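Overview (structure and organization)
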Amino acid sequence: MMIISSSPRRLLIAFVSAVAALVPFYSAHAEMSAWAENEGGRMRLVALAPDAGGKIRAALQIEPKPGWITYWKEPGNSGIPPQITIAAESGVTLDAIAYPVPKHFFNGAIEDIAYEAPVTLPLSLTAAGKGPVTIDAAAFIGICKDICIPFQANLQLKLGPAIQSHPQEEAILQAADARLPKPPSQDFDVTAHAMSPDRKTLSLDLVLPGEGKAAPDIIVTGPSGYAFTKQIGGKRDGATFKVDIAIGKLPKDYDISGKHWSVLVIDGERAMETTLAFQ
C-alpha cells in the first residue's frame, strides 16, 4: 500500500495548508513550552537540560480532542506524518524521533495508522555548546476528524540548569518511553524474511508471545512514504506465525538490495519493532 495518495482528506489538507504558517511562537522559560492549540487539539514541547555530553531528553506532547486523531510516522492512505525542525541558530540538533505504538483504523476505503488519544513522541536532541540552551522548534502535524487540518506551531523552550529537579517532566518522558514498541526478544521476533522475485510479496516468519489464535497486526515500512499492511494466507500455530505481506507499487527503478526496512508487530498488549535487511 502506498502512503501518498489522492483522497478528499488529502485535498483538504492542501487547501488549508497555508493557514498553518500563521501560527505564532509559543514560548516558556521552563522545561515545558506553552500549549499551542487549534480546532482539533493542542501540542507542546517538553525537555530536560542537557547532560554532560550535551544530550537532551525531550518530547512533543500531542493531545487530540475527543473524536480526532493524529498520525504515526507513516500515516496510511492519507494524512500527514509528524515533522519537527529545530532552528540551526539555536545550536541544538534533532537526532531522532521515537513513536509509541499506534492503532490501525479502517473507515471504508480509508486506512489510518494513528493515535486517537494523547500521545507523546520522545525526541533525542544534542546541544552543541555549554551554558543556557534555547530550543526553537517548528512542529507540523496532521490532525483529523471528518476533515484533516494541518497544525503547525513554533515552540520555544529555555532550559534551566541541569542541577534542578523536574519530576513532572521526568514522569512525562518516562511514560512516553514506556509506550514505545520493544526490540526483538526470544519470544517475540521475526525469524526469517524474504522478498519474492517479482517484489509483490514479502514473506515473514515470526515467533509470537502467548498462544493466541488471532493474527497479529503487522505494519511494514519501506521507502519513505510507503507502508504495507495487507496480509495474505497468514497461519498461526501456537507461538509461530507465517504470512505474506502484499507489497504495492514501489518507486520506479527502486533497488531493494542493501536496503533496510522496518516492521512493527502488534500482538495483543505487546508490540515489537525490528529492522529487515535485504541482501
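Only a predicted model underlies this, so the values are computations on that prediction, with no experimental measurement involved. Within every chain, residues take consecutive numbers counted from 1 along the sequence as written. At least 70 in pLDDT is required for a residue's local features to be given in this predicted model, at least 80 for side-chain atom pairs to be given and counted, and no such filter applies to totals for whole chains, interfaces and linings, which use all residues. Water and hydrogen atoms were dropped before computing side-chain values, which therefore reflect all heavy atoms in the structure.

**Some thoughts on the sheet that holds strand β18 (residues 240–246)**
The rule for pairing is simple: two strands pair if DSSP sees at least two bridges between them. Going along the chain from the N terminus, every DSSP run of H or I of four or more residues is numbered as a helix, and every run of E of two or more is numbered as a strand. With respect to topology, four strands assemble into an open sheet ordered β13-β14-β18-β17, the strand pairing being antiparallel. Both outer strands of the open sheet, β13 (189–195) and β17 (231–237), are each paired with one neighbouring strand and no more. Across this sheet, the average inter-strand angle for adjacent strands is 15 degrees, counted without regard to direction. With seven bridges joining them, strand β14 (residues 201–207) and β18 adopt antiparallel strand pairing. Note on β18: the bridge partner recorded for L206 is F241. Lines fitted to C-alpha atoms define the axes here, with helix axes fitted over just the stretch in contact, and angles between the N-to-C directions of these axes take values from 0 to 180 degrees.

**Comments concerning the environment of V190**
Residue position: V190 is located in strand β13. Any residue under 20% of the maximum accessible area for its type is buried, any over 50% is exposed, and the rest in between are partly exposed; the area is computed with a 1.4 Å probe on protein chains only. For V190, a relative accessible area of 13% corresponds to the buried category. Along the sequence, V190 and V263 sit 73 residues apart, while their C-alpha atoms lie 8.8 Å from each other. Excluding its chain neighbours within four sequence positions, the residues that come into contact with V190 are L204, D205, L206, V263, M272, T274 and L276. The contact criterion used is simple: two residues touch if any of their non-hydrogen atoms lie within 4.5 Å.

**Digging into the pairing of strand β10 (residues 119–127)**
With eight of nine residues buried, β10 lies mostly within the body of the structure. Sheet topology places strand β4 (residues 55–64) next to β10; eight bridges connect them, and they run antiparallel. Looking at β10, one finds that Q61 is bridged to T120. With five bridges joining them, strand β7 (residues 92–97) and β10 adopt antiparallel strand pairing. Counterpart to I97 in the pairing with β10 is L123.

**Things to note about the state of the cysteines**
Only a pair of cysteine sulfur atoms within 2.5 Å counts as a disulfide in this structure description. Scanning the entire structure with this criterion turns up one disulfide. Here C144 connects covalently by a disulfide to C148, the sulfurs 1.6 Å from one another. Measuring the twist about the S-S bond at about 110 degrees, one finds the C144-C148 disulfide to be right-handed. Given the relative accessible area of 1%, C144 is considered buried. Judged by relative accessible area, which is 1%, C148 ranks as buried.

**Structural notes on the nonpolar core**
Grouping buried Ala, Val, Leu, Ile, Met, Phe, Trp, Tyr and Cys residues that are joined through side-chain atoms within 4.5 Å yields what is termed a nonpolar core. Within the largest apolar cluster, 38 residues are counted, with the highest numbers of intra-cluster contacts made by M43, I56, L60, V92, L125 and I135. Here I56 is in contact with A47, L48, P50, V92, L123, S124, L125, A127, V133 and L159, once residues within four sequence places are set aside. Counting 24 residues, the second largest nonpolar core, distinct from the first, contains V220, F228, I245 and Y254.

**A short note on unusual backbone geometry**
One non-glycine residue with positive phi stands out, namely R199, at about 60 degrees. Within the secondary structure, R199 sits in the loop between β13 and β14. Of note, the phi angle at D253 is positive, near 65 degrees, even though the residue is not glycine.

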